[in-house]
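What the coordinates show
Okay, here's what each chain looks like letter by letter:
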Amino acid sequence: MKLYKNFLSKEDHKRICTMVYHRDFPWFNECLELGNDNKIVNDDKIEASQVWKQQHYLFTEHPQRFYSPFFHEIMMPLLGKLNFNTYKRIWINNYYRDKEPIKFDYHTDEDYSHLVAIYQLNTCNGYLEYSPAGERVESVENSLILFDGTVKHRPVTQTDMPFRTNINIVLT
């Protein structure tokens with residue numbers, strides 16, 4: 001695992017944050033079932049025990065190829081600094097603050113050999129936990145974590161800030 005601090009210029013980082021945190025940026029709610037590999041639940045009712053987050057797909061190939069209208073403006077500064085053959089999936093997670101940290105299930109993003117890059121938009125007391133040693137990587141704005149995507153990892157939510165926002169990039 002590698003951690004890159006101050007990954008982008010201050011100007012690029014600020015421009016991305018201004019866009020993502022703008023009130024007109026489209027977020028999509030996602031309900032997750034903990035204890036079941038973070039399975040996405042498509043339920044028609046909301047319950048107090050459910051874990052919710054917001055997500056915005058910038059690029060995906062499944063079920064069909066899709067690019068967000070925000071893809072180029074957000075991703076070009078990031079992709080231009082990474083060494084990779086192709087990107088497979090890119091999305092932004094926006095975790096809500098909670099009274100106690102929520103530890104999601106350990107998981108891998110894909111079932112084939114890949115790298116994961118996580119770009120962190122804000123600083124908070126949430127973190128990434130990297131298995132098997134349970135290594136923690138703190139959420140620090142404008143930092144990028146790059147690691148072997150076949151190693152299980154999990155997000156842990158924050159208690160100090162309204163959001164923990166990061167851009168997840170699956171690379172081959």
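The structure displayed is predicted, hence computed values, not measured ones.

Calculation notes
- Residues numbered from 1 in each chain as written.
- Predicted model: local features only at pLDDT ≥ 70, side-chain atom pairs only at ≥ 80, totals over all residues.
- Heavy atoms only, no water.
- Phe/Tyr/Trp six-rings, centres within 6.5 Å; stacked < 30°, edge-to-face > 60°.
- Helix = DSSP H or I, 4+ residues; strand = E, 2+ residues; numbered from the N terminus.
- Buried < 20%, exposed > 50% of the residue type's maximum accessible area, 1.4 Å probe, protein only.
- Lys NZ or Arg CZ within 6 Å of the ring centre and 35° of its normal.
- Pairing = 2+ DSSP bridges.
- Polar contact = N/O pair within 3.5 Å; in protein donor to acceptor, adjacent residues only side chain to side chain.

**Some thoughts on the packing of aromatic side chains**
One pass over the structure, following the stated rule, counts 13 aromatic pairs. Between F25 and F70, the ring centres sit 4.8 Å apart and the planes meet at 55°, which makes this aromatic pair tilted. Linking F25 in the loop between α1 (10-20) and β2 (28-33) with F70 in the loop between β5 (66-67) and α2 (71-79), this pair joins segments that are 45 residues apart in sequence. F25 gets classed as buried once you look at its relative accessible area, which sits at 5%. Given a relative accessible area of 22%, F70 falls into the partly exposed group. Considering the side-chain rings of Y57 and W91, the 6.1 Å spacing of their centres and the 35° angle between planes classify their relative orientation as tilted. Here Y57 is found in strand β4 (residues 51-60), whereas its partner W91 is found in strand β6 (residues 87-96), with 34 residues between them in sequence. Since its relative accessible area comes to 26%, Y57 is described here as partly exposed. The buried category is assigned to W91, whose relative accessible area is 5%. Through a chain of ring-to-ring contacts, three or more aromatic side chains come together here, namely F59, Y67, F71, F84 and Y87. Sitting above the plane of the W91 ring, R89 keeps its charged end 4.1 Å from the centroid.

**Regarding the pairing of strand β11 (residues 153-156)**
Of the two faces of β11, the one lined by H153 and P155 and the one lined by R154 and V156 are each fully buried. Pairing of strand β8 (residues 124-130) with β11, which is carried by four bridges, proceeds in the antiparallel orientation. The partner of Y130 across the bridge, within β11, is H153.

**Comments concerning the pairing of β4**
Counting buried residues along β4, eight of its 10 residues qualify, which places the element largely inside the surrounding structure. With six bridges connecting them, β4 and β6 associate as antiparallel partners. Its bridge partner being in β6, F59 is matched across the sheet by I90. With two bridges joining them, β4 and β5 adopt antiparallel strand pairing. Looking at the pairing, F59 lines up with Y67 of β5. The turn joining β4 and β5, which pair antiparallel and follow one another in sequence, is formed by five residues.

**A closer look at unusual backbone geometry**
With phi around 50°, N6 is a residue other than glycine that occupies positive phi space. By the element assignment, N6 lies in the loop between β1 (2-4) and α1. With relative accessibility at 61%, the residue N6 sits in the exposed group. Non-glycine residue N142 carries a positive phi angle of around 60°. With respect to the helices, strands and loops of the structure, N142 is situated in the loop between β9 (135-139) and β10 (143-148). Note on N142: relative accessible area 5%, which makes it buried.

**Some details on the environment of Y67**
With respect to the secondary-structure elements, Y67 resides in strand β5. Given a relative accessible area of 36%, Y67 falls into the partly exposed group. For the pair Y67 and Y57, spaced 10 residues apart in the sequence, the C-alpha separation amounts to 7.8 Å. In this structure the side chain of Y67 is engaged in a polar contact, spanning 3.0 Å, whose partner is the side chain of Y87.

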